[in-house]
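# Structure at a glance
Residues per chain, in single letters:
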Amino acid sequence: MCVICFSPKGVDAPTEDQIEDMFYANPDGAGYAYEEGNTVKYKKGFMKLEDLLEELEPLEQWKDKNLALHFRIGTAGKNDAHTCHPFPITTNYGEMRQTEGEGPVLFHNGILAEGGIINEDSSDTQD
């Protein structure tokens, strides 16, 4: 099952070792979201640990923000940058596949369906 890690504002972000453990336990891609002002910004599609760590460093910067991380185990659909979480909350399939953006997002843990209903490249969450 996927791992979702939430680090609330005022609390230290996960350490590099903790992020490494979560990534290797769930190696099918990662993404994150955080609050900035009155909006949520997200990036996803990190298929290599080194790319995710480079993006998040320095980890100390996240102590003043609500930060959510998702580490995927692909159970339905394709394993690629576009099927990583988070997903923007929309019915537009193309927007769901964007690897960065802002606005309300969805993180999900578990299996919703077989996947591939909308498109053979989609995941159960996108469907």
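Residues numbered from 1 in each chain as written. Predicted model: local features only at pLDDT ≥ 70, side-chain atom pairs only at ≥ 80, totals over all residues. Heavy atoms only, no water.

## Things to note about the overall build of the protein chain
- Scanning the protein chain for helices and strands turns up 3 helices and 7 strands.
- When the helices and strands of the protein chain are placed in sequence order, the string is β-α-β-β-α-β-β-α-β-β.
- Classification of the 127 residues of the protein chain by burial places 41% in the buried group.
- For the protein chain, the exposed area adds up to about 6,700 Å²; of that, 48% sits on carbon and sulfur atoms. (Helix = DSSP H or I, 4+ residues; strand = E, 2+ residues; numbered from the N terminus. Buried < 20%, exposed > 50% of the residue type's maximum accessible area, 1.4 Å probe, protein only. Areas by Shrake-Rupley, 256 points an atom, 1.4 Å probe, with all protein chains shown as cover.)

## Quick look at helix H2 (residues 49-56)
- Looking at H2, one finds that the buried residues are Leu49, Leu52, Leu53 and Leu56. The arc enclosing the buried residues of H2, seen along the axis, measures out at 95 degrees, which places them on a common side.
- Where H2 is buried, its residues meet helix H1 (16-25), strand S2 (30-36), strand S3 (39-46) and strand S4 (67-71). (Arc of directions from axis to C-beta. Contact = heavy atoms within 4.5 Å.)

## Side note on the packing of aromatic side chains
- One pass over the full model with this rule turns up 5 aromatic pairs.
- Between the aromatic rings of Tyr34 and Trp62, the centroid separation amounts to 5.1 Å while the plane-to-plane angle is 65 degrees, which identifies the pairing as edge-to-face. Within this pair, whereas Tyr34 is found in strand S2, its partner Trp62 is found in the loop between H2 and S4, the two being separated by 28 residues in sequence.
- The class for Trp62 is buried, based on a relative accessible area of 3%.
- Grouping aromatic residues by their ring pairs yields a cluster made of Tyr32, Tyr34, Phe46 and Trp62. (Phe/Tyr/Trp six-rings, centres within 6.5 Å; stacked < 30°, edge-to-face > 60°.)

## Points about unusual backbone geometry
- Of note, the amide linkage connecting Glu57 to Pro58 takes the cis form, showing an omega dihedral of -5 degrees.
- Position of Pro58 relative to the elements: it lies in the loop between H2 and S4.
- Omega for the peptide link from His85 to Pro86 comes to 10 degrees, which places this bond in the cis form.

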